Amino acid sequence: MANFEISFDLSQIDFRATSDILKESYWGSGRSDELHRRAFANSLCVGAYVGGNQVGFGRAITDRTVFAYLADIIVWPGYRGQGIGIRLVQALIGHPDCKTVTHWSLSTNDAHAVYEKLGFRPSTDGRYMRLDRVVAT
């Protein structure tokens, strides 16, 4: 397993690499760099780094109070299968600004088992998943 660091510092994100890998994904094809700039600026973003080089990315679209939607969780190909994606999601869910968020959701075509490890359950349509938490207010 790679020794990696998690950071919410948006200035550390390698925009070029992140935008390019997202455009290669099944869910991000057709997106532009400008769309990614706006999306990142309006989301809570997290990066994973090995030796200072970015190897993963994720974001939460959230009001930082009651609702959050996980999006663009991705790990660079050479680093997949090492727990980095799970750690990115855990970092977003555990972020201090999201401590009162009770409804987390996401959409996936192929990573159900990964998200189930974190407590997410499929919705009735089998594509959307959600995690409802009870939090102290």
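Before reading on, note that the structure itself is shown above.
Residue numbers restart at each chain and count upward from 1, following the sequence in its written direction. Only residues with pLDDT of at least 70 are given local features in this predicted model, and only at 80 or more are side-chain atom pairs given and counted; all residues enter the totals for whole chains, interfaces and linings. Processing note: side-chain calculations cover all non-hydrogen atoms of the structure and skip hydrogens and water entirely.

Draft legend 1. The arrangement of the pattern of salt bridges in detail. Each salt bridge in this description consists of a side-chain nitrogen of Lys or Arg and a carboxyl oxygen of Asp or Glu lying within 4 Å of one another. A complete count under the given rule lists 7 salt bridges for this structure. The residue K23 makes a salt bridge to D33 at a minimum N-O spacing of 2.8 Å. Of this pair, K23 sits in helix 1 (residues 15-24) while D33 is found in helix 2 (residues 33-41), placing the two residues 10 residues apart along the sequence. Under the relative-accessibility criterion, K23 is labelled partly exposed at 27%. Only protein chains enter the calculation, and the probe is 1.4 Å; a residue is then buried if its accessible area is under 20% of its type maximum, exposed if over 50%, and partly exposed in between. The class of D33 is buried, set by a relative accessible area of 19%. Between D72 and R31 there is a salt bridge; the shortest N-O distance is 2.9 Å. With D72 in strand 4 (residues 67-75) and R31 in the loop between helix 1 and helix 2, this residue pair connects regions lying 41 residues apart in the sequence. Overall, D72 belongs to the buried group, its relative accessible area being 5%. Linked by salt bridges that have partners in common, R16, D20, K23 and D33 make up one network. Numbering goes from the N terminus for both helices and strands, where a helix is a DSSP run of H or I of at least four residues and a strand is a run of E of at least two.

Draft legend 2. Quick look at the pairing of strand 4. Where burial is concerned, most of strand 4 is hidden: 7 out of the 9 residues are buried. For two strands to be treated as a pair, DSSP must find no fewer than two bridges joining them. Summarising the sheet, strand 3 (residues 53-62) and strand 4 pair through 6 bridges and their orientation is antiparallel. For T62, the partnering residue across the bridge sits in strand 4 and is A68. Looking at chain direction, strand 4 and strand 5 (residues 103-107) are connected through 3 bridges and run parallel. Note on strand 5: the bridge partner recorded for A68 is W104. Crossover handedness is defined by viewing with both strands directed away from the observer: a clockwise path from the first strand over the helix to the second marks the crossover as right-handed. In this fold, strand 4 hands off to helix 3 (residues 84-94), which returns the chain to strand 5; that crossover is right-handed.

Draft legend 3. Region of interest: the packing of helix 1 against helix 2. Between N-to-C directions, angles span 0 to 180 degrees; the directions come from axes that are lines fitted to C-alpha atoms, helices contributing only their stretch in contact. Contact pair helix 1 / helix 2: the axes reach a minimum separation of 10 Å and the direction vectors enclose 110 degrees. The orientation of helix 1 with respect to helix 2, classified from their angle, is roughly perpendicular. Taken as a pair, helix 1 and helix 2 cross one another with a handedness that is right-handed. Seen from helix 1, the contacting residues are F15, R16, T18, S19, L22 and K23; seen from helix 2, they are D33, H36, R37 and F40. Charged residues are taken to be Asp, Glu, Lys and Arg, nonpolar residues to be Ala, Val, Leu, Ile, Met, Phe, Trp, Tyr, Cys and Pro, and polar residues to be all remaining types, Gly included. Class assignment of the residues belonging to the contact of helix 1 with helix 2 gives a composition of 3 nonpolar, 3 polar and 4 charged. Here is the rule for angles: anything less than 35 degrees is roughly parallel, anything more than 145 is roughly antiparallel, 65 through 115 is roughly perpendicular, and the remaining ranges are oblique. By convention, the crossing between two helices is left-handed when the near helix turns anticlockwise from the far helix through less than a right angle, and right-handed when the turn is clockwise. Contacts between residues were defined by any pair of non-hydrogen atoms, one from each residue, lying within 4.5 Å.

Draft legend 4. Looking closely at the packing of aromatic side chains. A pair of aromatic rings is counted whenever rings of Phe, Tyr or Trp (Trp by its six-membered ring) have centres within 6.5 Å, and the orientation is called stacked for planes under 30 degrees apart, edge-to-face for over 60 and tilted otherwise. Under the defined criterion, the tally for this structure stands at 4 aromatic pairs. Arranged with centres 5.9 Å apart and planes meeting at 80 degrees, the rings of Y115 and F120 form a pair that is edge-to-face. A residue is classified by how much of its surface remains accessible, and Y115, at 9% relative accessible area, is buried. Among the aromatic residues, those joined into a ring-pair cluster are F15, F40 and F57.

So, to be careful, I would describe these as geometric facts and stop short of saying anything about function.
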